[in-house]
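Residue-level listing of the chains:
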Amino acid sequence: MTFSEIIKIYTEKGLPEREALLLIGKVIKQKKEYIIAHRYDECPKEYLEYIFELFEKRFNGYPLQYILGEVEFYGRMFYIEEGVLIPRWETEGLIDICKEYVRRYDLKNIIDIGVGSGVIAITIALECNNVRVYGTDISEKAIALSQRNANRYGANCTFKCGEFAEPFLDLFDTIQLIVSNPPYVRTDAKLQKELNYEPREALFSGEDGLNFYRELFKRYNLEGKIVVMEIGDDQGEYLKNLTGGHILKDLSGKDRYLVVDKFWVV
Ligand SMILES: C[S@@+](CC[C@H](N)C(=O)[O-])C[C@H]1O[C@@H](n2cnc3c(N)ncnc32)[C@H](O)[C@@H]1O
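Residues numbered from 1 in each chain as written. Predicted model: local features only at pLDDT ≥ 70, side-chain atom pairs only at ≥ 80, totals over all residues. Heavy atoms only, no water.

What follows deals with helix α8 (residues 140-153). For α8, spanning 14 residues, the distance from its first C-alpha to its last is 21 Å, which sits close to the expected 20 Å at 1.5 Å a residue. Listing the buried residues of α8 in full gives Ala-142, Ile-143, Leu-145, Ser-146, Asn-149 and Ala-150. Burial along α8 is one-sided: seen end-on, the buried residues are contained in an arc of 165°. Opposite the buried face of α8, at more than 90 degrees from it, the exposed residues are Glu-140 and Asn-151. If you follow the buried residues of α8, they end up packed against β2 (76-79), α7 (119-127), β4 (132-137) and β5 (157-161). A side-chain oxygen of the first residue of α8 lies 3.3 Å from the backbone nitrogen of Lys-141; this N-cap is Ser-139. At the exit of α8 stands Gly-154, carrying a positive phi of roughly 60°. (Helix = DSSP H or I, 4+ residues; strand = E, 2+ residues; numbered from the N terminus. Expected span 1.5 Å × (residues − 1). Buried < 20%, exposed > 50% of the residue type's maximum accessible area, 1.4 Å probe, protein only. Arc of directions from axis to C-beta. Contact = heavy atoms within 4.5 Å. Polar contact = N/O pair within 3.5 Å; in protein donor to acceptor, adjacent residues only side chain to side chain.)

As structure tokens, then:
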């Protein structure tokens, strides 16, 4: 069977050719460009079973990124694994907002609450000069993966397991920027099937999806801090009223980011 014939089996299910190339590439340990260049060659028989095993996982909705073990975020590749949320493109917008605040006020100490794979904390540490980024998560698996990703790039980050900012209470007063992409889905929300493979604690936050925000703004004295958070596209109005912050849109024009800088005094 040629690579071209194998790819056709995949795309006939309505899935993109690019995915087939990446999956075949994972099995035969080659880049997708190699497969494109050799698409009319026979695929060595010993690879076929594993390739179709991976295809079958995708046909059942298992996320591509978990199969590949890597995901791109803000132009860099990060390790990803089952049990940790797959970073989404909208979240890259948080980086742009944070970079602007770090530059404008020369911020040094940042905390990312709910790090997941660590992409936000690590990207800020790599994109901004002389910052120290702390990160927390309630999931031990997420903290271990974040550490692995930070090591990959030598990022100046410290991760600890625990809820909200609790693991770093001793230095909380020195924190100038809080960033977070928290769980914000309503517990009764109907999700696409791919999301069933992702951790529930990364997605859901009470009946209206807003528990995490309410708790964060209630629990801490945020004086002297800027808060930048990702939000659900229908949560802007409520969160603006709750926090006195403002709402920014993502690239598809949906309300997506909450910025509260009223606590910051220059
Ligand atoms: C939506 S995911 C975001 C992961 C990552 N920051 C990203 O953007 O890809 C939310 C993360 O928050 C963590 N989490 C949920 N509740 C938390 C809490 N109270 N304190 C700290 N982390 C929490 C989850 O385990 C999950 O890793």
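Quick look at the nonpolar core now. Core analysis: the largest hydrophobic core is formed by 59 residues, its most contacted members being Ile-24 and Ile-124. Apart from the residues lying within four places of it in its own chain, the contact partners of Ile-24 are Phe-3, Ile-6, Ile-7, Ile-35, Ile-51 and Phe-55. In this structure, Ile-111, Leu-258, Val-260 and Phe-263 belong to the second largest nonpolar core, which totals 25 residues. (Core = buried A, V, L, I, M, F, W, Y, C linked by side-chain atoms within 4.5 Å.)

Another point: the domain arrangement of the protein chain. Interface size is commonly expressed as the accessible area that is lost once the parts come together. The assigned domain composition of the protein chain is domain 1 (3-60) and domain 2 (82-260). Put simply, the middle of domain 1 and the middle of domain 2, counted by C-alpha atoms, are 36 Å apart. (Domains from an automatic or database assignment.)

Counting buried residues in strand β9 (residues 255-260) gives five out of six residues, a clear majority hidden from the surface. Of the strand pairs in this sheet, strand β7 (residues 226-230) and β9 are connected by four bridges, and their pairing is antiparallel. Note on β9: the bridge partner recorded for Val-227 is Val-260. Bridge count for strand β8 (residues 246-249) against β9 is four bridges, and the pairing is antiparallel. (Pairing = 2+ DSSP bridges.)

What follows covers the pattern of salt bridges. Applying the stated criterion across every chain yields a total of 21 salt bridges. Glu-70 is the salt-bridge partner of Arg-152, the closest N and O atoms lying 2.6 Å from each other. With a gap of 82 residues between them, Arg-152 in helix α8 and Glu-70 in strand β1 (residues 70-73) connect regions that are remote in the sequence. Overall, the relative accessible area of 26% leaves Glu-70 in the partly exposed class. Across the salt bridge formed by Lys-108 and Asp-106, the nearest N and O atoms sit 3.0 Å from each other. (Salt bridge = Lys/Arg side-chain N within 4 Å of Asp/Glu carboxyl O.)

In this section: unusual backbone geometry. A positive phi angle, near 55°, is found at Lys-29, a position not held by glycine. Non-glycine residue Asn-130 carries a positive phi angle of around 55°. Topologically, Asn-130 is positioned in the loop between α7 and β4.

This next bit is on the state of the cysteines. As enumerated under the stated definition, the model contains zero disulfides in all. Sulfur of Cys-161: no disulfide; nearest cysteine sulfur belongs to Cys-157 and is 16 Å away. (Disulfide = S-S within 2.5 Å.)

One can describe the packing of helix α6 (residues 92-105) onto α7 by two numbers: an axis separation of 10 Å at closest approach and a directional angle of 40°. As summarised for this structure, α6 and α7 are arranged oblique, according to the angle between their axes. Note that α6 runs across α7; the crossing there is right-handed. Across the interface between the two elements, Leu-94, Ile-95, Cys-98 and Lys-99 of α6 pack against Ile-120, Thr-123, Ile-124 and Glu-127 of α7. A breakdown of the residues in the contact of α6 with α7 according to their chemical character gives five nonpolar, one polar and two charged. (Axes fitted to C-alpha atoms, helices over the stretch in contact; angles between N-to-C directions. Parallel < 35°, antiparallel > 145°, perpendicular 65-115°, else oblique. Left-handed = near helix turned anticlockwise from the far one by under 90°. Nonpolar A, V, L, I, M, F, W, Y, C, P; charged D, E, K, R; others polar.)

Within the fold, Thr-91 resides in the loop between β2 and α6. A polar contact is formed between the side chain of Thr-91 and the side chain of Glu-230, at a distance of 2.7 Å. Among all residues touching Thr-91, those that are not within four sequence positions of it are Phe-73, Ile-120, Asn-181 and Glu-230.

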